[in-house]
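# Structure assessment
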Amino acid sequence: MITTDRAEFRAALPTGGRLIGLDVGTKTIGLALCDAGWSIASPAHTIARSKFSKDKAVLAQFIAQQQVKGIVIGLPFNLDGSESPRSQSSRAFARNISDLDLPILLWDERWSTQAVTRTLIDADASRARRGELVDKLAASYILQGAIDALCGG
């Protein structure tokens, strides 16, 4: 199941369970995890993109190790809310991992990278350090927004 409807996603996971958040980029995939009770998201890991089959295998192994029950993928819209070529890329990624047999929620990530980058700049992180952290922190930001909405209504 791939959906943008949080009620449908929530219904697919009636007992909760650990979720993974993904910030899918062209060069990296940022990963974040939340607890089984869906209270807090934490940055986890960054996968350097290579061949899709290899990326998927790394992702599947991580999902199995962490006992993940559902996937939240950032869906990058244009500022006006319309879909972009990157939106289509994220949707294609979701379709390509749908055989992992976990429910997938596509979540609006319009401001995630900018918000995380601003926070890192405010924390005086160097450009190199921001590059190391931004993708997994953006995944955490996406996942936190989704779990807040899933639990709050």
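For the rest of this paragraph, the subject is the side chain of Lys56. Along the chain, Lys56 falls in helix α2 (residues 52-66). Given the relative accessible area of 18%, Lys56 is considered buried. Excluding residues within four positions of it along the chain, Lys56 makes contact with Asn96, Ile97, Asp99 and Leu100.

A few words now on the environment of Lys27. With respect to the helices and strands, the residue Lys27 is situated in the loop between β2 (18-24) and β3 (28-34). Between the C-alpha atoms of Lys27 and Ile47, which are 20 residues apart in sequence, the distance is 8.6 Å. Ignoring any residue separated from it by four or fewer positions in sequence, one finds Lys27 in contact with Ile47, Ala48 and Arg49.

Attention now moves to the sheet that holds β2. Taken in spatial order, the six strands of this open sheet run β1-β6-β5-β2-β3-β4, and their pairing is mixed. Both edges of this open sheet fall to β1 (2-3) and β4 (41-48), since each of them pairs with a single strand only. Strand direction decides the pairing type here: β2 and strand β5 (residues 68-75), joined by five bridges, are parallel. If you follow Leu22 over to β5, its bridge partner there is Ile73. On top of the sheet, helix α3 (residues 85-97) reaches β1, β2, β3, β5 and β6 (104-108); it is set at about 160 degrees to β5, its chief contact.

Counting 20 residues, the largest nonpolar core has Ile20, Leu22, Leu59, Ile71 and Ile73 as the members making the most contacts within it. Sort the elements by how many residues they give to this core and β5 lands first, with four residues. Those residues in contact with Ile20, other than ones at most four positions away along the chain, are Leu31, Ala32, Leu33, Leu59, Phe62, Ile63, Val68, Gly70, Ile71, Val72 and Leu143. With 17 residues, the next largest nonpolar core counts Leu13, Ala32, Ile142 and Ala149 among its residues.

Below, the discussion takes up the pattern of salt bridges. Any two side chains of opposite charge can pair if their charged atoms end up close together. Per the counting criterion, the structure on display carries three salt bridges. Taking the shortest distance from any N to any O, the salt bridge between Asp99 and Lys56 comes out at 2.5 Å. Residue Asp99 is found in the loop between α3 and β6, and its partner Lys56 is found in helix α2; the two are separated by 43 residues along the sequence. In this structure, Glu83 engages Arg91 in a salt bridge whose closest nitrogen and oxygen atoms are separated by 2.6 Å.

One pass over the structure, following the stated rule, counts one aromatic pair. Residues Phe52 and Phe93 carry aromatic rings whose centres are separated by 5.7 Å and whose planes lie at 85 degrees to one another, so their mutual orientation is edge-to-face. Placement of the pair is Phe52 in helix α2 and Phe93 in helix α3, with a sequence separation of 41 residues. The class of Phe93 is buried, set by a relative accessible area of 5%.

The terminal C-alpha atoms of α2 lie 21 Å apart, and with 15 residues this matches the ideal 21 Å at 1.5 Å per residue to within 8%. Of all the residues in α2, the buried ones are Asp55, Lys56, Leu59, Phe62 and Ile63. The arc that holds every buried residue of α2, seen down its axis, measures 130 degrees, which confines them to one face. Those residues of α2 that are exposed and aimed more than 90 degrees away from the buried face are Ser53, Lys54, Gln61, Ala64 and Gln65. Along its buried surface, α2 packs onto β2, β3, β4, β5 and α3. Count one or two residues on from α2 and you reach Gln67, which has phi positive near 55 degrees.

What counts and what doesn't
Residues numbered from 1 in each chain as written. Predicted model: local features only at pLDDT ≥ 70, side-chain atom pairs only at ≥ 80, totals over all residues. Heavy atoms only, no water. Helix = DSSP H or I, 4+ residues; strand = E, 2+ residues; numbered from the N terminus. Buried < 20%, exposed > 50% of the residue type's maximum accessible area, 1.4 Å probe, protein only. Contact = heavy atoms within 4.5 Å. Pairing = 2+ DSSP bridges. Axes fitted to C-alpha atoms, helices over the stretch in contact; angles between N-to-C directions. Core = buried A, V, L, I, M, F, W, Y, C linked by side-chain atoms within 4.5 Å. Salt bridge = Lys/Arg side-chain N within 4 Å of Asp/Glu carboxyl O. Phe/Tyr/Trp six-rings, centres within 6.5 Å; stacked < 30°, edge-to-face > 60°. Expected span 1.5 Å × (residues − 1). Arc of directions from axis to C-beta.

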